Amino acid sequence: MARIFISYRRADSQAWADRIYPVLVQAFGETNVFKDVDSIGLSRNFRAAIERAVINTDVVLVLIGRQWVTITDDQGQRRLDSPDDFVRLEAEMSLRHEKMVIPVIVDGARMPASTDLPPTLAELPMLNGAAVRGDPDFDHDMRRLIRAIQEELDQQPSIPRSEAVVQSRIGEAAAAMEAEDYEGAVAILQAEQARNPAGRLARIVADMLADAEAELTRQRYAAEAEREYRPIAQLIQHNRTRGQGCAELADFQRTYPDYDPDGLTQRCADYAAEQRRAAQEAERLRQAAIQPPARIPTAAQPASPVETGNISSANRSIRRLLPGITVLVVVLGAVVALLASRGGGSNPTPTPPPTDTPAQQSAADGRTPVTRNAAWTPVERDFDGVTMVLVPAGCFIMGSTDGDSDEQPVEQQCLDTPFWIDKFEVTNAQYGSTGCEQYSSAPDQPRNCVSWVDASAFCEARGARLPTEAEWEYAARGPDGLRYPWGDTYDAARVIGADDPTYGNRTTAPVGSRPGGASWVGALDMSGNLWEWVSTLYRAYPYRADDGREDGTNRTDLRVLRGGSFGNATGNLRAANRGRLGPDLVNGNLGVRCARSS
């Protein structure tokens, strides 16, 4: 079976890659199609990871859109001119390893001239290419591309691999294991084992593969533990969330009992001891407050000599009056009780209704910071016919340790004030027109083919705004830091993605079609259906709202997209995943959701 590597530039042709990928998966199988960083996983050496993926590939598809050659970096330099540009590396490595390279022209682009490319890529325009157009030609073009791949592979002679080649691959795997790149070693050895299941060196390959897989399992265990552990450490670091963090640490240690690099177990033990001491002191004070006062001596219980000597004549007079005062108090109490039983007269004073305490009022309007998703009950409100949900104040861990590199470093972000966000993506009916109708034409389908400029203007005209990148992720994940809006496990029934049997890679669904995918605040379709623009310029993490990335006047730099679309697989549907495009670009996968300050 052919192994296919899809090379594409995110800012140029991500939407096309997302649409082409599942068609190739259906034809060749998911394990045989690599889509750039979505498929090759994390690596300490990304260049080495790309080369391993190319080496293990039969066919490399180089997707070329309108900006593939011309797009520039933040300094205005053409990306293709950088020797470290990943797209350039992928194409160079494919040509150097003599792979079958097929330029795939998308989005109505043209094949670049050799003079427009670095010398190492000058051969690319001379190769047989293919064009993939949008609907109604997309299915036809993809069938033609798949047929061409299969025909070319059938014509390639099957050449037995020499023992020297196998030894070379064993050496590559050994070097990867020495560098603790066990994922790379496993990939090399699995490919070699599949090609040469027998032979003199097959036993060596099998033994090395078993060792690499065992080390990879331990490595992934540590990586998974660290991903769960780090947000807990952030909670324990702060006084106001330490109790929650220690409770979550106890749950964490049921799965990862031997993982605690920061010594959080001892910190939580100290915290628990402090809490016990505080509780004991509070109980002591409570008991002291309810002790009965010292009794006044009576005739039946003579006073001590000290008390007798200190009683003044006034005190003795009061003591003589006590029996009469007691009788008067009893009589007055009986009268008050009788009046109360008869209604207290013709004009009784009504008992005032209870009022919310300031803390209750603050919790209802979201001003009290929320520390757990489950502690919040969704609140909805109608703004001029548009349903919005309230997002309370609180903190969360922004980013992901197991996602793309632009999602790191992870860091706690706190939103001090609540805000509102649309419950649904903006529909065609709300927008007042349709965009790319082949993907969205009904009134209750989300409005697509919206540029960032138009999305921002639409929200402002509605008296709202685009959410910031931090606001969007918080509304999708909450303090629990969920991987998807509904939880940490992917569930195709909760999202309109590429694997949806009705809408996947075909069209958008009416908004709110997957109520089970609601986020903790009640927002729907924050994963899938359409990518959603946010206000933020695409910049490296950590997120800082005051570093210029929220500059609304910039009309040239890339803007961030969130949530994935009906053409995306699981990786792009994560709540922490970041997309980016130029602010004037549109395609059938782009939509909008508005927000407004509380």
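Residues numbered from 1 in each chain as written. Predicted model: local features only at pLDDT ≥ 70, side-chain atom pairs only at ≥ 80, totals over all residues. Heavy atoms only, no water.

1. Concerning the environment of Ala 442
With respect to the secondary-structure elements, Ala 442 resides in the loop between helix 14 (428–431) and helix 15 (452–461). Assessed through its relative accessible area of 25%, Ala 442 is described here as partly exposed. (Helix = DSSP H or I, 4+ residues; strand = E, 2+ residues; numbered from the N terminus. Buried < 20%, exposed > 50% of the residue type's maximum accessible area, 1.4 Å probe, protein only.)

2. What about the pattern of salt bridges?
In the structure shown here, the tally under the stated rule is 33 salt bridges. Here Arg 218 ties to Glu 215 by a salt bridge, and the two come within 2.4 Å at their closest N and O atoms. Here Arg 218 and its partner Glu 215 are both found in helix 8 (residues 202–237), three residues apart, which amounts to about one turn of the helix. You can call Arg 218 partly exposed: its relative accessible area is 49%. Judged by its relative accessible area of 27%, Glu 215 is partly exposed. Glu 407 is the salt-bridge partner of Arg 574, the closest N and O atoms lying 2.7 Å from each other. Taken together, the residues Arg 574 in the loop between strand 12 (559–562) and strand 13 (579–581) and Glu 407 in the loop between strand 8 (394–398) and strand 9 (411–415) connect sequence positions 167 residues apart. Take Glu 407: its relative accessible area is 0%, and that puts it in the buried class. Salt bridges here are not isolated pairs; linked through shared partners, they connect Glu 469, Glu 473, Arg 477, Arg 562 and Arg 578. (Salt bridge = Lys/Arg side-chain N within 4 Å of Asp/Glu carboxyl O.)

3. Description of helix 4 (residues 86–96)
Most of helix 4 is tucked away, with nine of its 11 residues classed as buried. Of all the residues in helix 4, the buried ones are Val 87, Arg 88, Leu 89, Glu 90, Ala 91, Glu 92, Met 93, Ser 94 and Leu 95. Once helix 4 finishes, Glu 98 follows within two positions and takes phi at roughly 55°, a positive value.

4. Things to note about the pairing of strand 11 (residues 531–537)
Burial runs high along strand 11: seven of the seven residues are buried. Pairing geometry for strand 11 and strand 14 (residues 590–591), over two bridges, is parallel. The residue bridging Trp 531 from the neighbouring strand is Leu 590, located in strand 14. As paired elements, strand 11 and strand 12 share three bridges and run antiparallel to each other. Its bridge partner lying in strand 12, Glu 532 is registered against Arg 562. (Pairing = 2+ DSSP bridges.)

5. Comments concerning the sheet that holds strand 3 (residues 59–64)
Strand order in the open sheet made by the five strands is 2-1-3-4-5, with parallel pairing throughout. Of all strands in the sheet, those bounded by a partner on one side alone are strand 2 (33–35) and strand 5 (130–132). Going across the sheet, the axis of each strand differs from the next one's by a mean of 25°, ignoring polarity. Note that strand 1 (residues 4–7) and strand 3 share four bridges and pair parallel. Across the sheet, the residue bridging to Ile 6 is Leu 61, located in strand 3. Most of the contacts of helix 4 go to strand 1, to which it runs at about 145°, and overall it touches strand 1, strand 3 and strand 4 (100–106). (Axes fitted to C-alpha atoms, helices over the stretch in contact; angles between N-to-C directions. Contact = heavy atoms within 4.5 Å.)

6. Details of the confidence of the model for the chain
Caution applies to low-pLDDT parts of the model: their predicted coordinates are not meant to be read in detail. Chain-level statistics for the chain give a pLDDT mean of 82 and a share of 82% at 70 or above. When the criterion is pLDDT under 50, residues 38–44 qualifies, and its contacts beyond four places in sequence or with other chains add up to 23 contacts. In this model residues 293–362 is a low-confidence stretch, pLDDT under 50, and it forms 16 contacts with partners more than four residues away in sequence or in other chains. (pLDDT = per-residue confidence, 0-100.)

7. Structural notes on the state of the cysteines
Taken as a whole, this structure holds four disulfides when the rule is applied. Covalently, Cys 395 is tied to Cys 414 through a disulfide, its sulfur atoms 2.0 Å apart. The sign of the S-S torsion, about 105°, decides the handedness of the disulfide formed by Cys 395 and Cys 414: right-handed. In this pair, Cys 395 sits in strand 8 while Cys 414 sits in strand 9, placing the two residues 19 residues apart along the sequence. (Disulfide = S-S within 2.5 Å.)

8. A short note on the packing of aromatic side chains
Applying the stated rule across the entire model yields 12 aromatic pairs. A centroid spacing of 5.3 Å and a plane angle of 35° characterise the contact between Phe 396 and Tyr 474, whose relative ring orientation is tilted. Residue Phe 396 is found in strand 8, and its partner Tyr 474 is found in helix 16 (residues 469–477); the two are separated by 78 residues along the sequence. We note that Phe 396, like Tyr 474, is buried. Among the aromatic residues, those joined into a cluster by ring pairs are Tyr 221, Tyr 229, Phe 252, Tyr 256 and Tyr 259. (Phe/Tyr/Trp six-rings, centres within 6.5 Å; stacked < 30°, edge-to-face > 60°.)

9. Considering the sheet that holds strand 13
If you walk across this open sheet you meet the four strands as 13-12-11-14, and the pairing is mixed. In the strand order of this sheet, the two ends are held by strand 13 and strand 14, each with one partner. The strands that helix 1 (residues 10–28) touches are strand 11 and strand 13; relative to strand 13, the one it contacts most, it runs at about 120°.

10. Focus: the nonpolar core
Membership of the largest hydrophobic core comes to 33 residues, with the highest contact counts inside it found for Val 391, Ile 421, Tyr 474, Trp 520, Val 521 and Met 526. Leaving out residues up to four positions away in the same chain, Met 526 has contacts with Ile 421, Trp 472, Ala 475, Ala 476, Pro 485, Ser 519, Glu 532, Gly 563 and Arg 593. Of all hydrophobic cores here, the second largest spans 25 residues; its members include Tyr 21, Leu 24, Val 132 and Ile 149. (Core = buried A, V, L, I, M, F, W, Y, C linked by side-chain atoms within 4.5 Å.)

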